[in-house]
Amino acid sequence: MDLAHERNARSTFLLGSSLARATALSEATLDANAIGETSNSAGGLQVLSFVAVFVSLLLVAFTVKGFQYVRRRPKLRSVAVIVLGDVGRSPRMMYHAESFAKLEFNTYLIGYRGSKPLPSLSLPHIQLCYLAEPPSLLAKIPFVLSAPVKIIHQVMSILYTLIFEISYPPEFIMVQNPPTIPTLALVWMVGRVRGSKIIIDWHNLGYSILALKLGKSHPFVKIAKRFEATFGRSAYAHLFVTKAMQDHLVAEWSLVGQKAVLHDRPPSHFHRCSPPEVHELFLRIGPSLVSPSLRDYLPSPETPYTTQFTTTTITSSHKPLPTADCSPYSTINMPELRGDRVALLVSSTSWTPDEDFSILFDALKLYEARAVQVNKGNPGQLPRIWMVITGKGPLKAGYMAEIERLQEKWSFVRCSSSWLDAEDYPLLLGSADLGICLHSSSSALDLPMKVVDMFGCGLPVCALDFACLPELVKDGQNGLIFKNAKQLAGQMEMLLTSFPDATALEKLRSSLQRVSQTRTSHLRQHKESVEWTTWTDNWTRVVKPLVLKDVERFD
């Protein structure tokens, strides 16, 4: 019994000892694991600390390098010309870029791709920088929703172009206004960060254009006006298209910086076309005049001998073309204008609310009625007319649908819309007989570039009256001014009577030719004389001194 008890006690002791050893071993293992985990945790923290320090150093390095990149000294004789629109439809800014390039400025013309730019922009010093187009979806949603998204997209595109595509800060940044938002604020900021000098080219007032769409009392219009006044107030230089605009902005917003009026002027290649040039133009564009309303209305062409406006008939009193004997033209005389041609009238528009084309269409109705009446008793007294309207814009489809309906019953009037390449546009103006301008100006402070182009091509103009128009159009001297459709119809009748031998029209044309020959027309406005010259002459006189003033100190 005792032996059994002793054997049981020994077994219990051995089991207890085994459990004690197992417990001790387990605790030892746990302690070792804890020590390992602590060691691993400390190592992980060291790695994380190293990565954090490395990333921080990289960020500091990139920040310093980025700051150094952004703050580099502007490169002399360089300019960024910004157009927040279709570059090819911004003639004044293209002329600016061409003028800078001729001074050997590295010129970056920034804007949207679209119409074909001027051929002269292929000069060595000009680089076209096209902005990314806003998403097409924005055109399908309300303006209030699409405008903020569009502005953000424009901000990113312009900043990327000014900071990264142009490697060195340009000495000058020239910006067209309007559009105002967001370009004025962006160039204001970039100019201060990168040290570029800002030149604002005031074409009009942005808030006044927005008011046409939303109304003068709309909150967005008030915000836009404050925005324009804030970021447009201070610049290295301000250029204005009229003296009236300069006087208004200096008084209203107390502009800071150099100020100069740079009237629009035509480039040197704008001129009155000779009959051979008219012939060549309509040989090229004549085949496109195939609409039913024109096919039986214009004189029939027999290319290459005649076009709708020119002929090459052989008479003994004319000298043959100096061509090779084997040429089919060797016995053809120089082209002449056809005696049976229609009167060619031209108007140019962007089809926006600041041009009321209902005035023109009402005038065409009145002319049609008057021509029918007059020609009954005196056939040929008033000519048939072909009104060509060039340009693109949002209101085009509605207006042209209306005119197509009206002219189905007309005998003396046809109206067509067209979009011409930059090379053909001045040739059309130089071939036309009368220009019509319906620009009314949202601010009453700008002048229509289309009238300048027409004058440059020796084309008399009938222009809709507004406040500062007399800075450009002198009633009865280089054109006529009308206030409504009835007056325009009366002016058309007076100028075109007995066409093509229209005495009143020839008088205006001769006045423009004298101005072109002397290259100076003293048009008195605000007690100052405005010199009528080419764009190059005018730019050299006004802008060149502003942009070379500082550069020449380093040359």
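Scoring rules and cut-offs
- Residues numbered from 1 in each chain as written.
- Predicted model: local features only at pLDDT ≥ 70, side-chain atom pairs only at ≥ 80, totals over all residues.
- Heavy atoms only, no water.
- Helix = DSSP H or I, 4+ residues; strand = E, 2+ residues; numbered from the N terminus.
- Buried < 20%, exposed > 50% of the residue type's maximum accessible area, 1.4 Å probe, protein only.
- Contact = heavy atoms within 4.5 Å.
- Areas by Shrake-Rupley, 256 points an atom, 1.4 Å probe, with all protein chains shown as cover.
- Salt bridge = Lys/Arg side-chain N within 4 Å of Asp/Glu carboxyl O.
- Patch = residues over 30% accessible without salt bridge, like charges linked within 9 Å, V, L, I, M, F, W, Y side chains within 5 Å.
- Pairing = 2+ DSSP bridges.
- Axes fitted to C-alpha atoms, helices over the stretch in contact; angles between N-to-C directions.
- Parallel < 35°, antiparallel > 145°, perpendicular 65-115°, else oblique.
- Left-handed = near helix turned anticlockwise from the far one by under 90°.
- pLDDT = per-residue confidence, 0-100.
- Phe/Tyr/Trp six-rings, centres within 6.5 Å; stacked < 30°, edge-to-face > 60°.
- Lys NZ or Arg CZ within 6 Å of the ring centre and 35° of its normal.

Chemist: Any chance you could explain the overall build of the protein here in plain terms?
Modeler: Secondary structure summary: the protein contains 17 helices and 17 strands in total. Every one of the 555 residues in the protein was classed for burial, and the buried ones make up 48%. Across the protein, every contact between residues at least 6 apart in sequence was considered, and the portion connecting residues at least 24 apart equals 72%. Summed over all atoms, the accessible surface of the protein reaches about 27,800 Å², with 60% contributed by carbon and sulfur.

Chemist: Which parts of the structure should I look at to understand the pattern of salt bridges?
Modeler: Pairing is possible between side chains that carry opposite charge, provided their charged atoms lie close to one another. Taken as a whole, this structure holds 14 salt bridges when the rule is applied. One salt bridge in this structure joins E355 and K450, with 2.2 Å as the shortest N-O distance. Placement of E355 in the loop between β10 (343-348) and α10 (357-377) and of K450 in helix α13 (residues 449-456) is noted, with a sequence separation of 95 residues between them. For the pair E355 and K450, one class covers both residues: buried. Members of the salt-bridge network, linked through shared partners, are R92, D201 and D264.

Chemist: Help me understand a nonpolar patch on the surface, please; the structure alone is not making it clear to me.
Modeler: Together, F143, V144, F220 and I223 line one region of the surface with nonpolar side chains, adding up to about 360 Å² of accessible area. At the level of secondary structure, the elements contributing two or more residues to the nonpolar patch comprise α3 (143-165) and α6 (219-232). Within the fold, V144 resides in helix α3.

Chemist: Looking at this model, I keep getting lost on the sheet that holds strand β6 (residues 234-240). Mind explaining?
Modeler: The strands that make up a sheet pair up through hydrogen bonds in the backbone, lying either parallel or antiparallel. Within the open sheet, the 7 strands sit side by side as β3-β2-β1-β4-β5-β6-β7. Their pairing is parallel. Edge strands, defined here as strands with exactly one partner in the open sheet, are β3 (126-130) and β7 (256-261). Across the sheet, the mean angle from the axis of one strand to that of its neighbour is 20°, orientation sign disregarded. Sheet topology places strand β1 (residues 75-86) next to strand β4 (residues 170-177); 5 bridges connect them, and they run parallel.

Chemist: Sorry, what's going on with the packing of helix α2 (residues 91-102) against helix α16 (residues 535-542) here?
Modeler: The axes of two packed helices give the description: the angle between them and the distance between them. Direction vectors running N to C along α2 and α16 enclose 65°, while the axes themselves pass 11 Å from each other. Between α2 and α16, the angle falls in the class roughly perpendicular. The crossing of α2 and α16 is right-handed. On α16, the residues that touch R92, Y95, H96, S99, F100 and K102 of α2 are W535, T536 and W539.

Chemist: Quick question: what am I supposed to make of the confidence of the model for the protein here?
Modeler: Per-chain confidence: the protein averages 83 in pLDDT, with 79% of residues scoring 70 or above. Within the model, pLDDT remains below 50 along residues 323-329, and this stretch shows 6 contacts once partners closer than five positions in the same chain are excluded.

Chemist: Can you walk me through the packing of aromatic side chains in this structure?
Modeler: Think of a pair of aromatic rings as described by two things: how far the centres are apart, and how the planes are tilted against each other in angle. If you walk through the whole model with that rule in mind, you get 17 aromatic pairs. Ring centres of W188 and F231 lie 5.4 Å apart, and the angle between their planes is 75°; on these two criteria the pair is classed as edge-to-face. In this pair, W188 is assigned in helix α4 (residues 183-194) and F231 in helix α6, connecting sequence segments 43 residues apart. Following the ring pairs from residue to residue traces out a cluster consisting of F100, F105, F172, Y236 and W539. The ring of Y236 carries K197 above its face, with NZ or CZ at 5.3 Å from the centroid. When the ring centre of Y297 is taken as origin, the NZ or CZ atom of R384, which lies over that ring, is 4.9 Å away.

Chemist: Hey, could you run me through the sheet that holds strand β12 (residues 413-418) in this one?
Modeler: Strand order in the open sheet formed by 6 strands is β12-β11-β10-β13-β14-β15, with parallel pairing between adjacent strands. Of all strands in the sheet, those with a lone pairing partner are β12 and β15 (479-482), marking the two edges. Between one strand axis and the next, the sheet turns by 20° as a mean value, whatever way the strands run. By the bridge criterion, 6 bridges tie strand β11 (residues 385-390) to β12 in an arrangement that is parallel. Considered in β12, the bridge of V388 is made with S416.

Chemist: Is there a simple way to explain unusual backbone geometry in this structure?
Modeler: Trans is the prevailing form of peptide bonds, just as negative phi is the prevailing case for residues other than glycine. Cis geometry is adopted by the peptide bond preceding P178, which originates at N177 and carries an omega value of -5°. With respect to the element layout, P178 can be found in the loop between β4 and α4. With an omega of 5°, the peptide bond running from I181 to P182 counts as cis. With respect to the element layout, P182 can be found in the loop between β4 and α4.

Chemist: Quick question: what am I supposed to make of the environment of F482 here?
Modeler: Note on placement: F482 falls in strand β15. Judged by its relative accessible area of 0%, F482 is buried. With 18 residues separating them in the primary sequence, F482 and L464 have C-alpha atoms 5.1 Å apart. Setting aside residues no more than four positions away along its own chain, F482 makes contact with I359, C437, L438, C462, A463, L464, D465, Q487, L488 and Q491.

Chemist: When you look at the environment of Q487 in this model, what are you seeing that I'm missing?
Modeler: Positionally, Q487 belongs in helix α14 (residues 485-496). What makes Q487 partly exposed here is its relative accessible area of 35%. Put simply, Q487 and A363 are 124 residues apart on the chain and 8.1 Å apart in space, counted from C-alpha to C-alpha.

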